[in-house]
Every structure is written in C-alpha cells, then in structure tokens.
Amino acid sequence: MFDIFTISGKLKAYRKLTKGDNFMIQFQNKRLFFAAFLLFFSVLLTGCASKEEKAIRQTISSELDHLVSPDATQINTYLSFQLLFPDAQQDDSSDLDPSITEIFTEFYKNFSYKISEVSYDDKSASADVIIHNLDTHALAKDYAIAALKKRIEGDANPSQVDFSLSDSYLLLDKTLKNHDYKQVESDIKIQLKKKNNVWEIVEDTDFDNELSGNFLTYMSDSNLLSPKQVVKIHFDTIKKFDAEQLNRYLSLDSLLNTDNTYTSSIAHALAEQIHKSFDYKIKSDSVENNSAKVVVKITSTDFTSILETYQKQISEWVQSSDALEAGLLGRHEKGREFLLKAIQDNTATTSETVEISLTNDGTSWKMQMDQNLAQAILGGVSSTLADVQEDVE
C-alpha cells in the first residue's frame with residue numbers, strides 16, 4: 001500500500017534537485033562561453049603576434065640568406081668591401097681585384113644560422129640568432145702572422161708600399177686556402193626598427209662584426225700575437241731571406257764607405273755568411289703591462305774570427321817582397337782582396353744571448369731593433385770592420 005505522503009515528499013525533493021541541476025547547467029554554459037571567448041581572443045592576439053614575429057623573422061632571413069649561399073657576382077650589393085678590414089687603406093673601386101668577391105664566398109662557404117627567440121614592441125625588436133661559421137679567431141691569428149711576415153719582407157724590398165685593401169683581402173684569401181678551419185657556434189643579438197610599418201635591421205659596426213664571426217674583434221686585439229710569437233716570426237722570416245734580401249734588410253751596403261763595386265762585393269759576402277749561419281733559440285719571455293722582454297740566443301757568423309784571419313794574411317804578405325813591389329796602391333788593393341776572401345772562406349760561428357725589448361702600442365707588439373740585437377745578428381761585423389776600415393778605404 002502506497003503512502004501518499006511519502007510519494008509527495010519524493011516529488012518535492014525531485015523538483016528541488018531538478019532546479020539545482022538546471023542552475024548548474026546554466027552556470028557551466030556560461031563558463032564554457034567565457035572560456036570560448038577567451039580562447040577566441042587569445043587566438044586573435046596570437047594571430048596578430050605571429051604575423052608580426054613572422055615579418056621580423058623574414059627580415060632577418062632575407063639578410064642572412066645572402067651569406068648562406070653567397071653569389072660572387074652580386075655579393076658587393078649587400079656586403080661592403082671594407083667589412084673585414086675597415087681600417088685598411090681604401091683603393092679606388094676601379095683598382096679592386098675582381099677576385100675579392102670570391103674571397104667572401106670562401107669566407108662564408110659554410111655559414112648557417114638559426115633564429116631562436118624574438119621580442120618586439122611597436123617600434124623596435126631584437127632577435128637571438130645562432131650563427132655557425134669558420135673559426136675566425138684561428139683565422140685572425142694566422143692572418144696576423146702572415147701580415148707581419150709580409151711587412152718584414154717588405155723591409156727587404158726596395159719597392160715597399162703600404163698595405164692596401166686589395167692586399168689585405170688577397171692575403172686573407174691565401175690564408176684561407178692554406179689552412180682548414182673548424183666550424184664554431186656563436187650567439188648574436190640582432191636589433192631591428194620599424195620604419196613606415198616595415199621592419200629593418202639596424203646595421204652598424206657591431207652587426208658587421210657579428211656577421212664576420214667577431215673577426216674584427218680578434219683582429220683589433222693587440223695581444224693576438226704574443227711578444228714571443230712576434231720575435232719568432234721576425235727571426236723565422238730573416239732565416240728564409242736570401243743574400244740580397246739580407247743585404248737590404250740589414251743595410252749591409254752602409255757598413256763601408258768605399259766605392260760601389262767593392263762595397264757591393266763585401267756586402268754580398270757578408271750577407272751570404274749570415275744566410276748560412278744565422279739561427280736562434282728563445283730562452284725565456286716576460287710581460288709587464290705594455291712592455292715585454294724576450295731573451296734569445298742568437299748564432300751568426302763570427303766576424304772576430306774573420307778579422308783574425310784577415311790580419312794574419314795581411315801581416316804575412318806585407319813582409320814579402322811582393323808587398324814592397326806593389327807600392328801603396330797595390331797594398332791597398334791587396335788588403336781589400338784579403339778581407340773579401342777571409343769573409344767568403346769563413347766557417348766559424350759565434351753565439352750571443354741578448355734581451356729583446358718589445359712594446360705594445362695598442363695595436364700589436366712591436367720589436368725594437370737596438371744596437372745589441374743588431375750586433376748579435378751581424379756577428380759583431382760593425383766593430384770588426386771598424387778595425388780594418390783604413391786598410392780598405
């Protein structure tokens with residue numbers, strides 16, 4: 001038997017439950033609508049943001065893609081010829097070697113990049129970019145060695161001229177071809193600005209430097225080559241000079257104040273002796289601020305031995321009847337002959353330890369050629385020739 005009161009109570013409870021469910025459904029619908037609205041608004045904003053960021057990325061890519069596969073025929077339209085050597089002496093554009101454009105393609109042949117983070121506001125933007133290119137620190141060092149060697153060789157060249165922009169690039173090309181460089185990764189930040197609603201890269205010295213893999217920074221490092229390396233480059237270059245180059249580099253023609261023919265013969269004989277015997281060994285080095293000392297043991301021809309040989313020969317000859325018959329002019333000529341032969345036949349060498357001073361002028365370390373160093377390289381020839389000057393003049 002049904003209890004009407006029980007049924008009535010259940011119906012009332014059911015009606016209350018149904019009203020509660022309707023309220024919850026309505027609340028959930030409102031939440032879904034609000035969430036959908038936020039999603040739509042976010043998508044709208046994201047779409048705008050993606051469009052702006054895409055424009056920034058495209059601007060960067062349009063610039064860097066030129067370096068990924070550089071076109072030698074068009075490279076001068078987007079790279080300055082002074083990019084890698086901004087301080088080099090500027091050539092007239094008509095005199096620039098056409099092969100310079102090919103050097104850029106060699107420099108950037110393995111260049112690649114990846115744009116990572118991008119940030120921006122209404123008028124400016126910046127992007128973090130990962131660059132892959134050759135090891136420009138190693139390249140800068142090899143180039144600095146080659147450039148110093150070339151300048152030393154220029155001192156032995158009567159037609160020496162200052163380094164031009166073309167010379168710098170041609171030497172860089174030679175350096176690139178003579179070495180293999182590993183690939184390195186570097187992080188750069190590219191700045192952009194908005195002009196007439198178009199994004200543009202802010203191109204300045206920093207941007208050029210970063211595109212070059214910081215080659216400009218390395219090249220401007222006054223400590224790129226150490227004092228010890230500078231001394232080594234000087235002496236290694238001197239060791240490879242032939243007799244004529246040594247003659248000019250050491251100014252051997254100025255050692256005797258005699259006629260040109262005899263001076264030339266003596267200078268050539270001296271140069272041949274130094275060419276055969278010159279050697280060195282670096283013993284130690286020290287650096288304090290912008291000053292440095294490098295201690296070197298230098299081996300060269302023993303001109304004291306040459307003098308002894310000459311004096312012995314001339315002393316024996318002047319006591320002979322031939323010397324009396326030769327007269328003053330004949331003895332003078334015979335003295336020259338003995339001196340030249342003593343130089344040419346010499347095999348003795350001598351070693352001297354000298355302290356070489358270097359200073360850093362903010363550009364690089366410079367080696368100072370003082371009297372002690374010159375005498376060590378010349379084997380004491382200046383003081384030796386002073387003893388026989390009257391005999392040969």
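Just above, that's the structure.
Caption draft 1: Up close: the overall build of the protein. Helices and strands together make up the secondary structure of the protein, namely 13 helices and 8 strands. Sorting the 393 residues of the protein into buried and exposed places 37% on the buried side. Approximately 23300 Å² of the protein is accessible, and the part contributed by carbon and sulfur atoms is 50%.

Caption draft 2: Quick peek at the pairing of strand β4 (residues 198–201). Going residue by residue along β4, you find Trp-199 and Ile-201 tucked away on one face and Val-198 and Glu-200 left uncovered on the opposite face. With 4 bridges joining them, strand β3 (residues 183–195) and β4 adopt antiparallel strand pairing. Across the sheet, residue Leu-192 finds its bridge partner in β4, namely Ile-201. Turn length for the β3-β4 hairpin, with the two strands adjacent in sequence and antiparallel, is 2 residues, and the turn residue Asn-196 shows positive phi of about 55°.

Caption draft 3: Quick look at helix α3 (residues 136–155). The end-to-end C-alpha distance of α3, which contains 20 residues, comes to 28 Å, matching closely the 28 Å that a straight helix rising 1.5 Å per residue would cover. Within α3 the residues assigned to the buried category are Thr-136, Leu-139, Ala-140, Tyr-143, Ala-144, Ala-147, Leu-148, Ile-152 and Gly-154. Buried-residue contacts for α3 involve α2 (100–107), β2 (124–134), α4 (165–178), α6 (215–219), α7 (227–239) and α8 (243–249). If you check the start of α3, you find a side-chain oxygen 3.2 Å away from the backbone N of His-137, and it comes from Asp-135.

Caption draft 4: Spotlight on α2. Within the sequence span of α2, burial applies to Ile-100, Thr-101, Ile-103, Phe-104 and Phe-107. What you see down the axis of α2 is that its buried residues fit within an arc of 155°, all on one side. Against β2, α3, α4 and α6 lie the buried residues of α2.

Caption draft 5: Representation of the packing of α2 against α4 within the structure. Direction vectors running N to C along α2 and α4 enclose 40°, while the axes themselves pass 10 Å from each other. Viewed along their axes, α2 and α4 adopt a mutual orientation that is oblique. Crossing geometry of α2 relative to α4 is assigned as left-handed. Residues Ile-100, Ile-103, Phe-104, Glu-106 and Phe-107 of α2 lie in contact with α4, whose contacting residues are Ser-166, Tyr-169, Leu-170, Leu-172, Asp-173 and Leu-176. By residue class, the composition of the contact of α2 with α4 is 8 nonpolar, 1 polar and 2 charged.

Caption draft 6: Expanded view of the pattern of salt bridges. Using the criterion set out here, one finds 10 salt bridges in the structure. The partner of Lys-232 in a salt bridge is Asp-236, and the shortest N-O contact between them spans 2.8 Å. Residue Lys-232 and its partner Asp-236 are both found in helix α7; the two are separated by 4 residues, about one turn of the helix. Between Lys-341 and Asp-345 there is a salt bridge whose closest N-O contact spans 2.5 Å. Remark: Asp-345 and Lys-341 occur in helix α11 (residues 321–345); sequence separation between them is 4 residues, near one turn of the helix. Residue Lys-341 is classed as partly exposed on the basis of its relative accessible area of 42%. Assessed through its relative accessible area of 44%, Asp-345 is described here as partly exposed.

Caption draft 7: Focus on the sheet that holds strand β5 (residues 279–288). Strand order in this open sheet of 4 strands is β5-β6-β7-β8, and the pairing throughout is antiparallel. Bordering the open sheet on either side are β5 and β8 (365–367), each of which pairs with just one other strand. Each neighbouring strand pair of the sheet contributes to a mean axis angle of 25°, computed without reference to strand direction. Bridge count for strand β6 (residues 291–301) against strand β7 (residues 349–360) is 11 bridges, and the pairing is antiparallel. Of the residues in β7, the one forming a bridge with Val-296 is Val-354.

Here is what the cut-offs are and how they apply
- Residues numbered from 1 in each chain as written.
- Predicted model: local features only at pLDDT ≥ 70, side-chain atom pairs only at ≥ 80, totals over all residues.
- Heavy atoms only, no water.
- Helix = DSSP H or I, 4+ residues; strand = E, 2+ residues; numbered from the N terminus.
- Buried < 20%, exposed > 50% of the residue type's maximum accessible area, 1.4 Å probe, protein only.
- Areas by Shrake-Rupley, 256 points an atom, 1.4 Å probe, with all protein chains shown as cover.
- Pairing = 2+ DSSP bridges.
- Expected span 1.5 Å × (residues − 1).
- Contact = heavy atoms within 4.5 Å.
- Polar contact = N/O pair within 3.5 Å; in protein donor to acceptor, adjacent residues only side chain to side chain.
- Arc of directions from axis to C-beta.
- Axes fitted to C-alpha atoms, helices over the stretch in contact; angles between N-to-C directions.
- Parallel < 35°, antiparallel > 145°, perpendicular 65-115°, else oblique.
- Left-handed = near helix turned anticlockwise from the far one by under 90°.
- Nonpolar A, V, L, I, M, F, W, Y, C, P; charged D, E, K, R; others polar.
- Salt bridge = Lys/Arg side-chain N within 4 Å of Asp/Glu carboxyl O.

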